[in-house]
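Chain and residue survey
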Amino acid sequence: QTIRLEDYRPSDHLIDRVDLDIRLAPHDTRVSATLAVRPNPAGVPGAPLVLDGDELTLLGLALDGQALPADAFAASPGGLTLHAPPQRPFTLTVETQIDPTANTKLMGLYRSGGVYCTQCEADGFRRITYFLDRPDVLSVYTTRIEADREEAPVLLGNGDPGEAGAVPGTGRHFAVWHDPHPKPAYLFALVGGRLDRVSAPFTTMEGRAVTVAVYVEPGKGPRADYALDAVLRSMRWDEAAFGRPYDLAVFNVVAVSDFNMGAMENKGLNIFNDKYVLADPETATDTDYANIEAVIAHEYFHNWSGNRVTCRDWFQLCLKEGLTVFRDQEFSSDMRSRAVHRIGEVRTLRARQFPEDAGPLAHPVRPRAYAEINNFYTATVYEKGAEIVRMIRTLLGPAAFRAGMDRYFSENDGRAATVEDFLSAFAAESGRDLSAFARWYERPGTPRVSAAGSHDAQTGRYTLSLRQSLPGGDGAPLVIPVALGLVGAAGPLEATCERVRDGVFVLEAASDTITFAGVAEPPVPSLFRGFSAPVRLEMDLGDAERLTLLRHDTDPFNRWQAAQSVAMRLILDRATARAQEAEGAEGAEGAEEAGPAAAAYAAALGAFLDAEALADPAFAALVLGLPGEGDVANEMGRDVDPDAIHRARQALRRHLGRSLRGRLDPLRAALAPAAGAPFSPDAASAGRRALANAALDLLGIADPEAGTQAAEAQLAAATNMTDRLAALSVLAQIPGPARERALEAFGERYADEPLVLDKWFALQATIPEAGTLERIARLRRHPAFAMTNPNRVRALIGSFGLGNPTQFARADGAGFALLAETVEALDRVNPQIAAKLLTTFGSWRMLEPARSSRAGEILSRMQARPGLSRDVTDILARTLAGS
Ligand code: ARG
Ligand code: ZN
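Residues numbered from 1 in each chain as written. Chains lettered and ligands numbered in written order. Predicted model: local features only at pLDDT ≥ 70, side-chain atom pairs only at ≥ 80, totals over all residues.

For the protein chain, the count of helices and strands is 25 helices and 32 strands. Computed over the C-alpha atoms, the radius of gyration of the protein chain is 28 Å, within 12% of the 29 Å expected from 2.2 N^0.38 for a compact globule of 883 residues. Each principal axis of the C-alpha atoms in the protein chain carries an extent, and together these give about 90 × 65 × 60 Å. Within the protein chain, buried positions represent 51% of all 883 residues. (Helix = DSSP H or I, 4+ residues; strand = E, 2+ residues; numbered from the N terminus. Rg over C-alpha atoms; globule rule 2.2 N^0.38 Å. Buried ≥ 20, exposed ≤ 12 C-beta atoms within 10 Å, placed from the backbone.)

Given below as structure tokens:
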């Protein structure tokens, strides 16, 4: 059934304290929960007490210590109701039995590689005990955990550690944890298992001593050092940037190998997918290091944006997630290159959020209704949610933004808040009315802003007209911050416009026109600098003007954007021309002659490399990269033929590679580390590797023979996973025995490294060739593949759906069928991951008619199957809605 925002009402009961006694055993775990319940003054007096449950077995129930008569309550695996609870505070003791080993949904208490762990967000706590499992019920938890000492020598809970010891004569031991901060049930966690520990002391700005520890699989301690350091840096940064200190004596991070998402911010006990903890040069790429830093920071920052201030209901999810993504983005930008990081953020937004917002799964950043909340942990809530926070900062300026954040934290500390509470803190500090801005939370779809300019040489005036529109709607306009400037043939122009403050014009009307004075030459406008709003910009600029921006703009984001836009137009032109051609005209390399526009593009990139490559290699690597095939499809919006896009993009890459051919080897040589230099994951070193590997990639497409040789040599000599995987990726694009040899050797070398095998699975799943389907069928039978491990499923099947458009959307439907079969099989094991995998169909309506009707048939067939989970049913219904 559907849950709606407008139906929110406070709970009829509150639970002030929770005392848990959890006796862990592989199949028969016993949970005794003692709840201090009282009627909520804001609720309905005399209402029944309705506790949530999910697959629970009730063993005992007592009220104030007295067993309850059978007619006083109703219990099922899915809930427990007390028909007439006392209208005063009382104690309810509930005994439940659960089987953590059988819990393949990975929600609630489960075992991963023999380690007991929990995942309670959004609604997993009800799989542990009956409870008011909603985020506006906040309780103080005390947890006693008991387990076999051999099986689980480490026992961790939320908060600070208390009493611990042996249970005499049993081989078992226990530990008590107390968390003084009231929290909703979704932040509960425990861990029990055999784990190694690395730790470090930290002193907060308030002088509080904290022990920070990271727990990992035995023997993997050294791979946790980078994550540990990232925690310490996050703690320091949140103090400096937001004035937020840590608030317990311990902060623990635990890595487990089976995990539905990236990680979870449980109070004092963050639990992580080990992919976002474990790193060493041998197994982790530079991207892995950056992701670990970002996810560690994200979960740590939730301690304030999420835990101290939590959400009133799940419709407010962006209140903690969008804000915390914004905070982790800022952290990473301070740790690394801000410009490079910003480009990465936008690439992710465009690749994941824009298609979501353009397809049947589109929803507002604050959804108004849901059937299954776990399906709303989306790019829209997270990434677009972060862009909204960023726009607030742009509109208010850094000082008022910081003051608003301080006010938000202090006014809502210990509370379950709403988006309105968030906005009102900024309104109060800035004196601004943010009610029109608030529309960003309510409107699905990516707004379009079209721009047109005209220059009057006589008066030295430049007039810029901007018009906004939302897909499928009129409605009141959005408040759109447009960071902008003007650029001339030889560099930035100093033009004035009184409606532009601190480089930002705020577009509040459906359309508006601004005029700059003192513009001596026809300028090129640089709009949405730093991607100041999550919109699509439509402006008729010529390639020459865009290449002027690449050369002379002061804004690095728009320099990169300029190169992307030129490449996008070149690919689109070619892809649509091809799509219109009669089939058969595709003479492999025959029709590869590049026009003057492609030549000018390549020449501009060549000049750019000569001037700047070695000064900022990370940025240069991004400028060299073409828009992804998905970006191109999304730009087309309809009648998408992935094969035409692939061919067009490959043709441009090949042209670029051939044009730059003479520069590639010298560039790689100039970027190579000194012999024997130790590996460092820092951003500057990673940037050099990124550019060198971008050059290798171009070499591979421009000159496959030389590329093969160079990649084989790099594979043999590499001292780190970044360079090894980059070489393997180049080989993977070149059919032939060298590729198969390299793949086989890599698979054998890392047979015992699950996280590396995931890269190996993913790489093979994304080979854009017809044979990939057969390859995937083979890999599914690989001993390391398991439906019970989300990382493995995402690596092999998720990567195929998201990263192999020509094969996923094959005209014969075989790619869709592969995805659908996997979703159906996985749904019986882990519905949440099955539903996520199914969202790869989200853009099916954009495809050309033959392909989209294949997809539609396969989805409809799935919908007819009995016994699908609520998670999959919900995604299916929304994906198919309207057909
Ligand atoms: N709050 C977690 C994070 O963003 C994500 C947990 C989502 N879990 C889920 N079952 N949907 O860091
Ligand atoms: Zn989060």
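Ordered in space as 30-26-25-32, the 4 strands form an open sheet in which the pairing is mixed. Because the sheet does not close on itself, it has two edges, and the strands there are strand 30 (511-516) and strand 32 (536-539). The sheet shows a mean angle of 20 degrees between the axes of neighbouring strands, taken without regard to direction. Here 6 bridges tie strand 26 (residues 461-469) to strand 30, and the two strands are oriented antiparallel to one another. Residue pairing in the sheet places Leu464 in a bridge with Ile514 of strand 30. (Pairing = 2+ DSSP bridges. Axes fitted to C-alpha atoms, helices over the stretch in contact; angles between N-to-C directions.)

Of all hydrophobic cores here, the largest spans 262 residues; its most connected members are Ala227, Val254 and Val277. Not counting chain neighbours up to four residues away, the residues in contact with Ala227 comprise Val214, Val253, Val277, Ile292 and Ile296. (Core = buried A, V, L, I, M, F, W, Y, C linked by C-beta atoms within 7 Å. Contact = placed C-beta atoms within 7 Å.)

All right, on to unusual backbone geometry then. Between Glu121 and the following residue, Ala122, the backbone shows a cis peptide bond with an omega angle of 0 degrees. Secondary-structure assignment places Ala122 in the loop between strand 11 (115-119) and strand 12 (139-148). The phi dihedral of Asp64 is positive, around 50 degrees, even though this residue is not glycine. Note on placement: Asp64 falls in the loop between strand 5 (57-63) and strand 6 (66-67). Under the C-beta neighbour-count criterion, Asp64 is labelled exposed, with 11 such atoms within 10 Å. Although it is not a glycine, Phe528 adopts a positive phi angle of roughly 55 degrees.

Here the focus is the packing of helix 4 (residues 338-358) against helix 12 (residues 629-636). Contact geometry of helix 4 with helix 12 gives a least axis separation of 10 Å together with a crossing angle of 30 degrees. Judged on the interaxial angle alone, helix 12 and helix 4 are roughly parallel. Once helix 4 is placed against helix 12, the crossing between them reads as left-handed. Only Gly630, Asp631 and Asn634 of helix 12 make contact with helix 4, whose side of the interface consists of Arg350, Ala351, Phe354, Pro355 and Ala358. For the contact of helix 4 with helix 12, the class distribution of residues is 4 nonpolar, 2 polar and 2 charged. (Parallel < 35°, antiparallel > 145°, perpendicular 65-115°, else oblique. Left-handed = near helix turned anticlockwise from the far one by under 90°. Nonpolar A, V, L, I, M, F, W, Y, C, P; charged D, E, K, R; others polar.)

Okay, helix 13 (residues 642-671) next. With 30 residues, helix 13 should cover 44 Å at 1.5 Å per step; its first-to-last C-alpha distance of 35 Å lies more than 12% under that length. Along helix 13, the sharpest kink reaches roughly 70 degrees, centred on Arg661. (Expected span 1.5 Å × (residues − 1). Bend = angle between axes of the 7 residues up to and from the residue.)

What follows is about the environment of Ala598. When you line up the elements, Ala598 lands in helix 10 (residues 596-612). Separated by 31 residues in the primary sequence, Ala598 and Ala567 have C-alpha atoms spaced 8.1 Å apart. In contact with Ala598, other than residues within four places in its own chain, are Leu570, Leu652 and His655.

For the rest of this paragraph, the subject is the packing of helix 10 against helix 13. Look at helix 10 against helix 13: their axes get within 9 Å of each other, and the N-to-C directions meet at 25 degrees. The pairing of helix 10 with helix 13 is recorded here as roughly parallel in orientation. Judged by the sense of rotation from one axis to the other, the crossing of helix 10 with helix 13 is right-handed. Residue-level contacts link Ala598, Ala602, Leu605, Gly606 and Leu609 of helix 10 to Leu652, His655, Leu656, Ser659, Leu660, Arg663 and Leu667 of helix 13.

Turning to the sheet that holds strand 7 (residues 73-76), a few remarks are in order. If you walk across this open sheet you meet the 3 strands as 4-8-7, and the pairing is antiparallel. Of all the strands in the sheet, the pair left with one neighbour each is strand 4 (49-52) and strand 7. The sheet shows a mean angle of 5 degrees between the axes of neighbouring strands, direction not considered. For strand 7 and strand 8 (residues 79-82), the ladder comprises 4 bridges, and the chain directions are antiparallel. Note on strand 8: the bridge partner recorded for Ser76 is Gly79.

With that out of the way, let us pick up the pairing of strand 8. Covered by surrounding structure in strand 8 are Leu80 and Leu82 only, the residues Gly79 and Thr81 on the alternate face being uncovered. One ladder, built from 4 bridges, connects strand 4 with strand 8; its direction is antiparallel. Among the inter-strand pairings, Asp52 is bridged to a residue of strand 8, identified as Gly79. Two successive antiparallel strands, strand 7 and strand 8, enclose a turn made up of 2 residues.

Of the residues making up helix 19 (residues 772-780), those classed as buried are Thr772, Leu773, Ile776 and Leu779. One side of helix 19 carries all its buried residues, which in axial view fall inside an arc of 120 degrees. Turned more than 90 degrees away from the buried face of helix 19, the exposed residues are Glu774, Ala777 and Arg778. (Arc of directions from axis to C-beta.)

Its place among the elements puts Glu498 in the loop between strand 28 (491-492) and strand 29 (504-507). Spatially, the C-alpha atoms of Glu498 and Ile514 are 8.9 Å apart, while their sequence positions differ by 16 residues.

Turning next to the environment of Tyr382. Take Tyr382: it is sitting in helix 5 (residues 379-396). Along the sequence, Tyr382 and Phe326 sit 56 residues apart, while their C-alpha atoms lie 8.8 Å from each other. Those residues within four positions of Tyr382 in sequence are excluded, and the remaining contacts are Glu321, Gly322 and Val325.

Here the focus is the confidence of the model for the protein chain. Scored by pLDDT, the protein chain comes out at a mean of 97, with 98% of its residues at no less than 70. In the predicted structure, residues 582-591 sits below a pLDDT of 50 and forms 1 contact with residues beyond four places in sequence or in another chain. The ipTM assigned to the predicted complex is 0.98, against a pTM of 0.98. (pLDDT = per-residue confidence, 0-100.)

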